[in-house]
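Breakdown of the fold
So you can see what is in the structure, the chains are spelled out below.
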Amino acid sequence: MATEDLPEAFHVTTDEQLRAVSSLTRHRIMGVLRFEPATITQIAERVGLAKGSSSYHVRLLERAGLVRVVRTRKVRGVTERYYAMAARSVVLPDPGEGGPDVLMRHAVADLEAAPADGERHVRMAHLRLTEGQFAELGARLEALAEEYRGLSDPSLPDASFVFALFRPASGARGEGGVK
């Protein structure tokens, strides 16, 4: 199944689904399956896991509905299963006050694991915006991400685009902070 045939979004709504996506290993497995189906062996090789560990994590993702078998084939008498994402994107619930933001934790872990000598564009800017400007910037960032997702070619290396636009807690703007 090609990614354009997939439903647009899978909304994480249950504790089982949230636990499944909260694992960095499973996040990386979903990254492997983002553009094309793969077998347990292929996933294990790309993520750097033992086949047994890869199988365990894929089964948890499958049970949560995040991935599914999209085709099978017989190889030397063994049925080989190809797994793919259940949707083009995964939508996480709002973490709530004080809750961990799984997406940001995974993004930081991916950034830290990226080759240090590779090209990166990382920036943090502190802004003071009206409600309208805040909403407009959020919409523009989402549109930009969607535009480039449409240009995405699965034959090219992965690139991650992560943004977080939020208003920090009022106590977070103390003296001596990062400007």
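Calculation criteria
- Residues numbered from 1 in each chain as written.
- Predicted model: local features only at pLDDT ≥ 70, side-chain atom pairs only at ≥ 80, totals over all residues.
- Heavy atoms only, no water.
- Core = buried A, V, L, I, M, F, W, Y, C linked by side-chain atoms within 4.5 Å.
- Buried < 20%, exposed > 50% of the residue type's maximum accessible area, 1.4 Å probe, protein only.
- Helix = DSSP H or I, 4+ residues; strand = E, 2+ residues; numbered from the N terminus.
- Salt bridge = Lys/Arg side-chain N within 4 Å of Asp/Glu carboxyl O.
- Phe/Tyr/Trp six-rings, centres within 6.5 Å; stacked < 30°, edge-to-face > 60°.
- Lys NZ or Arg CZ within 6 Å of the ring centre and 35° of its normal.
- Pairing = 2+ DSSP bridges.
- Contact = heavy atoms within 4.5 Å.
- pLDDT = per-residue confidence, 0-100.

1. Describing the nonpolar core
Within the largest apolar cluster, 19 residues are counted, with the highest numbers of intra-cluster contacts made by L33, I43, V58, L61, L66 and V67. Those elements that place two or more of their residues in this core are α1 (15-22), α2 (24-32), α3 (40-47), α4 (51-63) and β3 (78-85). Ranked by residues supplied to this core, first place goes to α2 with three residues.

2. Some thoughts on the pattern of salt bridges
This structure, assessed with the given rule, holds nine salt bridges. Between E131 and R167 there is a salt bridge, with the nearest N and O atoms lying 3.5 Å from each other. With E131 in helix α6 (residues 131-151) and R167 in the segment after α6, this pair connects stretches of sequence that are 36 residues apart.

3. Notes on the packing of aromatic side chains
On inspection of all chains with the given rule, the structure shows one aromatic pair. Across the ring face of F134, the terminal group of R167 is positioned such that the distance to the ring centre comes to 4.5 Å.

4. With respect to unusual backbone geometry
The phi dihedral of R76 is positive, around 50 degrees, even though this residue is not glycine. Structurally, R76 is set in the loop between β2 (67-75) and β3. A residue is classified by how much of its surface remains accessible, and R76, at 81% relative accessible area, is exposed.

5. Re the pairing of β2
For β2 and β3, the ladder comprises eight bridges, and the chain directions are antiparallel. Bridge pairing links R73 to E80 in β3. Turn length for the β2-β3 hairpin, with the two strands adjacent in sequence and antiparallel, is two residues, and the turn residue R76 shows positive phi of about 50 degrees.

6. Focus: the side chain of H57
Tracing the chain through its elements places H57 in helix α4. Here H57 falls in the buried class, since its relative accessible area comes to 13%. Apart from the residues within four sequence positions on either side, H57 is in contact with S23, T25, R26, I29 and L49.

7. Some points on the confidence of the model for the protein chain
Residues of the protein chain with pLDDT of at least 70 account for 89%, and the chain-wide mean is 85. Mean pLDDT values for the elements of the protein chain range from 82 in helix α5 (residues 102-113) up to 96 in α4. Across residues 173-179, where pLDDT falls below 50, the model places three contacts with residues more than four positions away in sequence or in other chains.

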